[in-house]
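Residues per chain are reported as follows:
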Amino acid sequence: MKYKAILFDLDDTLLDSMPARVKTLEHVFASADISYLEPERFLRDLQGTPLEDALAKLEANLNIGIDLFEEYRRHYWSKEKGLLRLYPGVGDMLVKLRHIELRLGIVTTKTMNFEFQGKIGGAVTELEEMGIANLFSVMVGFEDVSLRKPH
């Protein structure tokens, strides 16, 4: 069977964004005075649960007056450059796949492109920062589907 296309997830597949997500969640937890949760463990324990849902549940359980997900978004999309990186070999692999005329696509639960507090953000921005946006023929994000993970 000859394949014509390959679809990739973004976070934790092509892109190591864990340092950026952990740093962001550290900020969120500190702003809500949550000191008993370890941000990296919290993220790893999601296992497919959307972060927005997990933070809303935490908010409700702790009766917090802060919108944790909104705080997360604000801090994550204002992050400094250099916190994201491709996993080793990913860039070369994508170039080789394109070279043999395979179409490449991204399917992610991140929003692809948006403006937030006067800044452009989204998965496209991150792909551009990594220098690989031009390798993908198709990009499907949060805003493009009605049924999200795990559907």
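Just above sits the structure.
Residues numbered from 1 in each chain as written. Predicted model: local features only at pLDDT ≥ 70, side-chain atom pairs only at ≥ 80, totals over all residues. Heavy atoms only, no water.

S.K.: With reference to specific residues and values, describe the nonpolar core.
M.R.: In this structure, Phe42, Leu55, Leu94 and Phe136 are the most contacted members of the largest nonpolar core, which totals 44 residues. Contributions of two or more residues to this core are made by helix H1 (18–31), helix H2 (39–44), helix H3 (51–62), helix H4 (68–76), helix H5 (90–99), strand E4 (103–107), strand E5 (114–116) and helix H6 (123–130). It is H1 that contributes the most residues to this core, 6 residues altogether. Excluding residues that lie within four positions of it along the chain, Leu55 makes contacts with Leu25, Phe29, Phe42, Leu68, Phe69 and Tyr72. (Core = buried A, V, L, I, M, F, W, Y, C linked by side-chain atoms within 4.5 Å. Buried < 20%, exposed > 50% of the residue type's maximum accessible area, 1.4 Å probe, protein only. Helix = DSSP H or I, 4+ residues; strand = E, 2+ residues; numbered from the N terminus. Contact = heavy atoms within 4.5 Å.)

S.K.: So what's going on with the packing of aromatic side chains? Which residues, and what values?
M.R.: In total, this model carries 5 aromatic pairs according to the counting rule given. Ring centres of Tyr72 and Tyr76 lie 5.9 Å apart, and the angle between their planes is 10 degrees; on these two criteria the pair is classed as stacked. In this pair, Tyr72 and Tyr76 are both assigned in helix H4, 4 residues apart and thus about one turn of the helix distant. Both residues of the pair, Tyr72 and Tyr76, belong to the buried class. Centre to centre, the rings of Trp77 and Phe114 are 5.2 Å apart; their planes meet at 85 degrees, and the pair counts as edge-to-face. Taken together, the residues Trp77 in the loop between H4 and strand E3 (85–86) and Phe114 in strand E5 connect sequence positions 37 residues apart. Pair check on accessibility: Trp77 and Phe114 agree, each one buried. (Phe/Tyr/Trp six-rings, centres within 6.5 Å; stacked < 30°, edge-to-face > 60°.)

S.K.: Any chance you could break down H5 for me, citing the residues and the numbers?
M.R.: Buried within H5 are the following residues: Val90, Leu94 and Leu97. All buried residues of H5 fall inside an arc of 65 degrees around its axis, so they share one side. Exposed side chains of H5 directed beyond 90 degrees from the buried face belong to Asp92, Lys96 and His99. Contacts from the buried residues of H5 go to strand E1 (5–8), E3 and E4. Count one or two residues on from H5 and you reach Glu101, which has phi positive near 65 degrees. (Arc of directions from axis to C-beta.)

S.K.: Describe the layout of surface pockets, with residues and values.
M.R.: Here the largest pocket is characterised by a volume of approximately 840 Å³. Lining the largest pocket are 28 residues, with Asp11, Pro50, Leu51, Thr109 and Lys110 sitting closest to its centre. Of all the elements in the fold, those that place two or more residues in the lining of the largest pocket are H1, H2, H3 and H4. Considering every element that reaches the lining of the largest pocket, the biggest residue donor is H4, with 4 residues. In terms of residue class, the lining of the largest pocket is made up of 11 nonpolar, 6 polar and 11 charged. (1 Å grid on protein atoms, 1.4 Å probe; cavity = no way out; pocket = protein on both sides within 12 Å on 5 of 7 lines; lining within 4 Å. Points joined across faces, edges and corners; volume = space filled by probe spheres on them. Nonpolar A, V, L, I, M, F, W, Y, C, P; charged D, E, K, R; others polar.)

S.K.: Talk me through H6; I want residue IDs and the actual numbers.
M.R.: Taken together, the buried positions of H6 are occupied by Ala123, Val124, Glu126, Leu127 and Met130. An end-on view of H6 places all buried positions within 160 degrees of arc, on one side of the element. Against the buried residues of H6 lie strand E2 (15–16), H4, E3, E4 and strand E7 (138–140). Within two residues after H6, Gly131 carries a phi angle of roughly 80 degrees, on the positive side.

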